[in-house]
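Chains, contacts and geometry: an overview
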Amino acid sequence: MYGNDNWINSYLDAILDAGKGAAAARGRVGGGGGGDRPSLLLRERGHFSPARYFVEEVITGYDETDLHKTWLRANAMRSPQEKNTRLENMTWRIWNLARKKKEFEKEEANRLSKRRLETEKPRNDATADMSEDLFEGVKGEDAGDPSVAYGDSTGNTPRISSIDKLYIVLISLHGLIRGENMELGRDSDTGGQVKYVVELAKALSSSPGVYRVDLLTRQISAPNFDRGYGEPVEVLASTSFKNFKYEKGESSGAYIIRIPFGPKDKYLAKEQIWPFIQDFVDGALGHIVQMSKTIGEEIGSGCPVWPAVVHGHYASAGVAATLLSGALNVPMVFTGHFLGKDKLEGLLKQGRQTREQINITYKIMRRIEAEELSLDASEIVIASTRQEIEEQWNLYDGFEVMLARKLRALVKRGANCFGRYMPRMVIIPPGVEFGQMIHDFDMDGDEDSPSPASEDPSIWSEIMRFFTNPRKPMILAIARPYAEKNITTLVKAFGECRPLRELANLTLIMGNREAISKMHKVSAAVLTSVLTLIDEYDLYGQVAYPKHHKHSEVPDIYRLAARTKGAFVNVAYFEQFGVTLIEAAMHGLPIIATKNGAPVEIHQVLDNGLLVDPHDQHAIADALCKMLSEKQFWSRCRENGLKNIHQFSWPEHCKNYLSRILTLGPRHPAFARKEDQKAPMRRRKYIFVIAVDSVSKEDLVQIIRNCIEATRTGTLSGLTGFVLSTSLTIAEIQSVLVCAGMLPTDFDAFICNSGSDIYYPSQSCDMSSNSRVTFALDHNFRSHIGYRWGGEGLRKYLVKWASSVVERRGRIEKQIIFEDSERSSTYCLSFKVVNPNHLPPLKELQKLMRIQSLRCHALYNHDATRLSVIPIHASRSQALRYLSIRWGIELPHAVVIVGETGDSDYEELFGGLHKTVILKGGFNTPANRIHTVRRYPLQDVVALDSSNIVGIEGCSTSDMRAALQRLDIPTQ
């Protein structure tokens, strides 16, 4: 073991020296540094230890904190033998980590290759299905014009003056949202998105033609959180460019509406929200319906004023917006903010976690499916940059740039797209509030001349107390302490460059904190690393890292950096929005920014700084030195930023936003009619929805009888209506009931064809005075679900696909899926399945439909002996929401009865404000994995421990009554 530390150093030094070629090829911003190897550079700047370098630069990249602790302990050992033993052990662990990373990289490369093969053929099929003559002319100007696939914030759009009294609904579910003194950085969910949605709501409400904006979020009444987060309504102060052209009503303006959902006394991180989204949707639906009526009374001559658009922010809000858009039949807009697939690809490349581990931590598959669903339902997707569209959204099954351009060109020419559709991608950069813009700094004046102390904001002294020489230019970084923000690389760049340390101070605004020990472990690890580096490089007196600041003080922090003729730096590994870069430019600060993501396009507009490789600390240091030492260059960057910043103003953002809304096709809610006032459902207090699948007809009839009998006595008698919700056709329902000797008029409504049709039974007499039952189709419901329905084009593709699904026995292939025209309807395409054991998983069929740009829901039902394909907004759960609005039924008074298993839409029937009874009798058929479209665990969809869900053994009348009593529904 003697001399083992020298062996380790030699071994690791050889590894570093192997990078000579790559290091020599690396350029430096500003021309400094040349191509010196990292090891040589480090030797020049102090004592070099390859082992230390490898641990700090490589191991910390794997987030192996225990390994880093081993290294620290080893250095603390007095015994050379014990120290060498630890170092040897650590080296083998390093080798193992490197091996694991290579395995992950290989697996990921194979997966990406497989994915390309899976998507290329369906994309080619989609193009082939559209006849060649339709594409004549597409290869010309339209095909090469990106605006055909997506639009930027310029171009030919309707005039904003044609907008009149709009009601807009924004949704952002996670984080701590309030109008003033936002606690940005308190946790990982309270950051740029929170600030963005609040300012967007304020700005939109101040725009001409907008009457009201509601920002819907979660009500939080948890301990240790401000009581304001539990207030149901908060009025937002409008921005300064208000310009109403009509009389303002009592309900106009911008509001935060907090909807209670999830555990009442617990704050939920965004990964924990998923099981409760349907609860939010039902609560939000009640608010929107009531508010639409209120606004209608104020400005709509008594007719409800429905939302012009429902806009979801982030994946979870995208699911909520999808369901609300479908229930109300209003257009949906979506902003992804930070997309799941991009995050997944990045995490897999790091090699720290397997796909399964990532999914457990981040619920990433649920998030990706939510983003795919948002693509299915959205009319417009708002992106901040072209890169977001072409490199991030292009990873999704439901979007592909070239096919989007072709479809867009066909739509412009009025040609047939054969049922295919892609949402319009629109580039609208985020805005900033110019009311905070300052012009009090004289570039030609003496920056060393301080203002009177009484005029200085308090945050200035809080920062300046850290500095030995506070007159030096300030390098400012504002970022939450997360690994992806790359703060440690910035500190290393500053600490290892003596000229930069002599030239400037560094200020790190890393959110708010009380004690590092009480922070989330990820944030705590980053902060600990930053403080360790400050100590290691002895940067005391040169780096400020205040514990607290108010959101209202952020403009003052920018002003301080500008007054010292400093610079703003953002070297995140990837930056989605880059709002801080825009804010810095607005306050006269030049920028040094990452070359990955939105900063590239921001820089193209502002031309006020330099872009750098965030992985290259020497390039960061060189860029900062150039900016702060070359005064003319600094002044030119400042002037360019101030001159061009108007393109990122909130008025400009809102003008582009609202003009896009005008391009949306007409979609209007269709609920109440005069004759509805006399209908039976209007008089019901409770509604029982029988949605038991995968049972025999005899068992279904018995369940129906017992359910009706359980409500015939006591307070429920005469106040209860019944709805049968099933995948059966109306003809099949009638046959089942007649054979059982039951009357269809025992029911108020039938939800059939898997939620694509609603019928109401009625009894009438013919000319011979013979009584007969008729069924009235709800045409209003059909108008709600018809959005983007593929119709005949979809049917033809499905028939073609069905012919390719075969059962192979030796050389013999036998088709197992056939079109069932007898059971098909206008909005339900039905197929018979001969052998369910050879069916492809439903999630694969859904993926194929998305790749083909066919927006629909595919469902296996009747124990996978049938396949139903229905519109994207059709489902049995959505049909219930429609009935609740049309007939004025309170969803907490609805009881849905299901079995232990069911059709592939079965899980959607659990969530929401209604009550659910699960029948656990022996008549249920075991669930098959191919039934479900899920790529994630059931607990990511349903809160099975909810007090609204009860399970009972058996289905007798007494069992039913016992279940209702547990749900606090009176039966006596």
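A few points on the structure. If you're wondering where the values come from, they're calculated on a predicted model, not measured in any experiment.

Turning next to helix H22 (residues 579-586). For H22, the tally of buried residues reaches seven of eight residues, placing the bulk of the element in the interior. Taken as a whole, H22 has its buried residues at Thr 580, Leu 581, Ile 582, Glu 583, Ala 584, Ala 585 and Met 586. In the stretch just after H22, Gly 588 is the one whose phi turns positive, near 80°.

Nonpolar side chains in soluble globular proteins tend to be buried together. Membership of the largest hydrophobic core comes to 125 residues, with the highest contact counts inside it found for Ile 171 and Phe 280. Here this core spans two domains, since at least three of its residues come from each of domain 1 (166-427) and domain 3 (671-788 + 873-971). Phe 280 has contacts with Ile 171, Leu 173, Leu 216, Thr 217, Ile 259, Phe 261, Ala 320 and Leu 324, leaving out every residue within four places of it along the chain. Among the nonpolar cores identified, the runner-up in size contains 71 residues, and Phe 467, Ala 493, Ile 534 and Ala 562 belong to it.

So, about the pairing of strand E18 (residues 749-752). Alternating residues of E18 divide into Ala 749 and Ile 751 and Phe 750 and Cys 752, and every residue in both groups is buried. By the bridge criterion, three bridges tie strand E17 (residues 720-725) to E18 in an arrangement that is parallel. Its bridge partner lying in E18, Leu 724 is registered against Phe 750. Where the polypeptide runs from E17 across helix H28 (residues 730-739) and back to E18, its parallel neighbour, the crossover connection is right-handed.

One pass over the full model with this rule turns up zero disulfides. Note on Cys 752: no disulfide assigned, nearest cysteine sulfur contributed by Cys 828 at a separation of 9.4 Å. Accessibility expressed as a relative area gives 0% for Cys 752, which makes it buried.

Right, let's talk about the sheet that holds strand E25 (residues 856-861) for a bit. If you walk across this open sheet you meet the four strands as E23-E24-E26-E25, and the pairing is antiparallel. In this open sheet, the two strands that pair with only one neighbour each are strand E23 (817-819) and E25. In this sheet, neighbouring strand axes are inclined to one another by 25° on average, regardless of whether the strands run parallel or antiparallel. Taken together, the three bridges between E23 and strand E24 (residues 829-833) define a ladder with antiparallel strand orientation. For Phe 818, the partnering residue across the bridge sits in E24 and is Lys 832.

Glancing now at the packing of helix H10 (residues 277-299) against helix H11 (residues 315-328). Relative to each other, H10 and H11 sit at 45°, their axes nearing to 10 Å. Judged by the angle between their axes, H10 and H11 are oblique. At the point where H10 passes H11, the crossing takes the right-handed sense. Residues Ile 277, Gln 278, Phe 280, Val 281, Ala 284, Leu 285, Ile 288 and Val 289 of H10 form the contact with H11, whose participating residues are Ser 316, Val 319, Ala 320, Leu 323, Leu 324, Ala 327 and Leu 328. By residue class, the composition of the contact of H10 with H11 is 13 nonpolar, two polar and no charged.

Criteria and cut-off values
Residues numbered from 1 in each chain as written. Predicted model: local features only at pLDDT ≥ 70, side-chain atom pairs only at ≥ 80, totals over all residues. Heavy atoms only, no water. Buried < 20%, exposed > 50% of the residue type's maximum accessible area, 1.4 Å probe, protein only. Helix = DSSP H or I, 4+ residues; strand = E, 2+ residues; numbered from the N terminus. Core = buried A, V, L, I, M, F, W, Y, C linked by side-chain atoms within 4.5 Å. Domains from an automatic or database assignment. Contact = heavy atoms within 4.5 Å. Pairing = 2+ DSSP bridges. Right-handed = clockwise from strand over helix to strand, strands pointing away. Disulfide = S-S within 2.5 Å. Axes fitted to C-alpha atoms, helices over the stretch in contact; angles between N-to-C directions. Parallel < 35°, antiparallel > 145°, perpendicular 65-115°, else oblique. Left-handed = near helix turned anticlockwise from the far one by under 90°. Nonpolar A, V, L, I, M, F, W, Y, C, P; charged D, E, K, R; others polar.

Everything listed here is a matter of coordinates, which is why it stays silent on function.
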